[in-house]
Amino acid sequence: MTYKTGQEAFCGEIMDRYPDLRLVDYGFAYRRDPSFPQDDITWSLLEKTA
């Protein structure tokens, strides 16, 4: 069994439910990154294709 983090599972569930969406980009930020310190966040950008 494979476990996914919250954002991976959430984005995948949305894409499964709405097949007219495509993943354009995704990313994350880590609070311990010395170059870009901020909260731990993940994001996904989806585009409606139809």
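Use the structure listed above.
The structure displayed is predicted, hence computed values, not measured ones.

### A closer look at the overall build of the protein chain
Alright, step 1. When its secondary structure is counted, the protein chain shows 1 helix and 2 strands.
Alright, step 2. Reading the protein chain from its N end, one meets helices and strands in the order α-β-β.
Alright, step 3. Of all 50 residues assigned to the protein chain, the portion counted as buried reaches 8%.
Alright, step 4. For the protein chain, the accessible surface area stands at approximately 4600 Å², while carbon and sulfur atoms represent 54% of it.

### Topic: the environment of Ile14
Alright, step 1. Here Ile14 is to be found in helix H1 (residues 6–17).
Alright, step 2. We classify Ile14 as partly exposed; its relative accessible area is 22%.
Alright, step 3. In this structure the C-alpha to C-alpha distance between Ile14 and Leu46, which are 32 residues apart in sequence, comes to 9.5 Å.
Alright, step 4. Contact partners of Ile14, with chain neighbours within four places excluded, come to Leu21 and Leu46.

### Regarding the pattern of salt bridges
Alright, step 1. Scanning the model with the defined rule gives 2 salt bridges in all.
Alright, step 2. The shortest N-O distance in the salt bridge between Arg22 and Glu47 comes to 2.8 Å. Here Arg22, found in strand S1 (residues 21–29), pairs with Glu47, found in strand S2 (residues 41–48); they are 25 residues apart in sequence, far enough to count as distant.
Alright, step 3. We note a salt bridge from Arg31 to Asp40, for which the minimum N-O separation is 2.4 Å.
Alright, step 4. Its relative accessible area of 39% is what places Asp40 among the partly exposed residues.

Conventions used here
- Along each chain, the written sequence defines residue order, and numbers are assigned to residues from 1.
- The predicted nature of this model means local features are confined to residues of pLDDT at least 70 and side-chain atom pairs, given and counted, to a pLDDT of 80 or more, with totals for whole chains, interfaces and linings taken over all residues.
- In computing side-chain values, all of the structure's heavy atoms are included and hydrogens and water are not.
- To qualify as a helix, a DSSP run of H or I must reach at least 4 residues; to qualify as a strand, a run of E must reach at least 2; elements of each kind are numbered from the N terminus.
- Per-residue accessibility, obtained with a 1.4 Å probe over protein chains only, is compared with the maximum for each type, and a residue is labelled buried under 20%, exposed over 50%, and partly exposed between these values.
- Note that accessible areas follow from Shrake-Rupley with a 1.4 Å probe, and for residues the cover is restricted to the protein chains shown.
- Contacts are assigned to residue pairs with any non-hydrogen atoms lying within 4.5 Å of each other.
- Here a salt bridge means any side-chain nitrogen of Lys or Arg lying within 4 Å of a carboxyl oxygen belonging to Asp or Glu.

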